[in-house]
Amino acid sequence: MKTLGIWRHAKSDWNDRAARDFDRPLNKRGLKGAAIMGQHIAQQPIYWERIIASPAVRVAQTIELGAQAAKINPQVRWDRRIYLASSATLIDLLREQEGDPTTILMVGHNPGLEDLIFDLVPDDGSNPLRDIVEEKFPTAAFAKLELDIDSWADLEDGGARLVLLTRPRDLDSELGPEPA
């Protein structure tokens, strides 16, 4: 069995219009969300053998703040292909992981991460967590999927179970949706 963690970067700052999308940092709410979610992920009874992440500034900050809050020093493999990738690209990247780690945490962006969940978890009405993701996979959200495969090369659509979904607002109501 394999376990895939999916962590979307925390809320970024759209106020700096001069910054390229890749260089956008986290905003104040994102700083808090990254720390809270980083602690939460570190408290899960799982050791992430491999962490692969987009090198975009907002992803790097999310990981750094989460790690600081959790008092850990993770080794991250930065992969530019994750930046704004489609689900198909993310699946290809997972399939090619050398050494076949049992657990992988992927940190990146929507819509790719959300679509990855949709592609891997069957839409058969049996998973209420998938229904929540269909509503929204918000910034800093974390999902844990279990896959009955021996090798990442065997990863196929519809072959995962979504067993955990945590949004920042589940841990701190101040990190819930902003008023319209």
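What you see as residue numbers is a count from 1 along each chain, following the sequence as written. Restriction of local features to residues with pLDDT of at least 70 applies here, the model being predicted, together with a cutoff of 80 or more for giving and counting side-chain atom pairs; totals for whole chains, interfaces and linings are based on all residues. For the side-chain quantities, the full set of heavy atoms in the structure was used; hydrogens and water were omitted.

**Some details on the sheet that holds strand β3 (residues 76-78)**
Note the following rule: Only when DSSP finds a minimum of two bridges between them are two strands counted as paired. To qualify as a helix, a DSSP run of H or I must reach at least 4 residues; to qualify as a strand, a run of E must reach at least 2; elements of each kind are numbered from the N terminus. Each axis is a line fitted through C-alpha atoms, and for a helix only the stretch in contact is used; angles between axes span 0 to 180 degrees, taken between their N-to-C directions. Only heavy atoms matter for contacts: two residues are in contact if any of them lie within 4.5 Å across the pair.
With mixed pairing, six strands are arranged side by side in an open sheet as β3-β2-β4-β1-β5-β6. Every interior strand has two partners, whereas the edge strands, β3 and β6 (160-166), have only one. Pairwise comparison of adjacent strand axes, ignoring direction, gives a mean angle of 20° for this sheet. Pairing of strand β1 (residues 2-8) with strand β5 (residues 142-147) involves six bridges; the strand directions are antiparallel. Pairing of isoleucine 6 across the sheet is with alanine 143, part of β5. Against the sheet, helix α4 (residues 112-120) makes contact with β1, β4 (103-108), β5 and β6, and its axis sits at roughly 150° relative to β1, the strand it touches most.

**Side note on the environment of glycine 66**
Relative to the helices and strands, glycine 66 resides in helix α2 (residues 57-70). It is 22 Å that separates the C-alpha atoms of glycine 66 and leucine 162, two residues lying 96 residues apart in sequence.

**Thoughts on the packing of aromatic side chains**
Keep this limit in mind: Aromatic rings from Phe, Tyr and Trp, taking only the six-membered ring of Trp, are treated as a pair when their centres fall within 6.5 Å; an angle between ring planes under 30 degrees marks them as stacked, one over 60 as edge-to-face, and anything in between as tilted. For every residue, the accessible area (1.4 Å probe, protein chains only) is compared with the maximum for its type, and the residue is labelled buried under 20%, exposed over 50%, or partly exposed between those bounds.
The tally for this structure, following the rule as stated, stands at two aromatic pairs. Note on phenylalanine 22 and tyrosine 83: the rings are 5.0 Å apart at their centroids and 75° apart in plane angle, and the pair reads as edge-to-face. Highlighted residues: phenylalanine 22 in the loop between β1 and α1 (28-42) and tyrosine 83 in the loop between β3 and α3 (87-95), separated in sequence by 61 residues. Summarising the aromatic geometry, the rings of tryptophan 48 and phenylalanine 142 are spaced 6.2 Å apart at their centres and angled 85° between planes, so their arrangement reads as edge-to-face. Placement of the pair is tryptophan 48 in the loop between α1 and β2 (50-53) and phenylalanine 142 in strand β5, with a sequence separation of 94 residues. By relative accessible area, phenylalanine 142 is classed as buried at 0%.

**Some words on the nonpolar core**
Stated precisely, the cut-off is as follows: Each nonpolar core is a collection of buried residues, namely Ala, Val, Leu, Ile, Met, Phe, Trp, Tyr and Cys, held together in the definition by side-chain atoms within 4.5 Å.
Of all hydrophobic cores here, the largest spans 28 residues; its most connected members are Leu4, Met106 and Leu145. Sorting the residues of this core by element identifies β1, α3, β4, α4, β5 and β6 as the ones contributing at least two each. Among residues more than four places away in sequence, those in contact with methionine 106 are Leu4, Gly5, Ile6, Trp7, Ile52, Ile82, Leu90, Leu93, Leu94, Leu113 and Leu116. Judged by nonpolar contacts, the second largest core, of 19 residues, contains Leu26, Met37, Ile51 and Val76.

**Here's the deal with the packing of α3 against α4**
Counted only if it meets this: Should an angle lie under 35 degrees it is considered roughly parallel, over 145 roughly antiparallel, and from 65 to 115 roughly perpendicular; all remaining angles are considered oblique. Under the scheme applied here, ten amino acids are nonpolar (Ala, Val, Leu, Ile, Met, Phe, Trp, Tyr, Cys and Pro), four are charged (Asp, Glu, Lys and Arg), and all others, including Gly, are polar.
Remark: α3 packs on α4, axes separated minimally by 8 Å, with the N-to-C direction vectors making an angle of 75°. As summarised for this structure, α3 and α4 are arranged roughly perpendicular, according to the angle between their axes. Contacts from Ser87, Leu90, Ile91 and Leu94 in α3 reach Gly112, Leu113, Asp115, Leu116, Asp119 and Leu120 in α4. Here the residues of the contact of α3 with α4 sort into six nonpolar, two polar and two charged.

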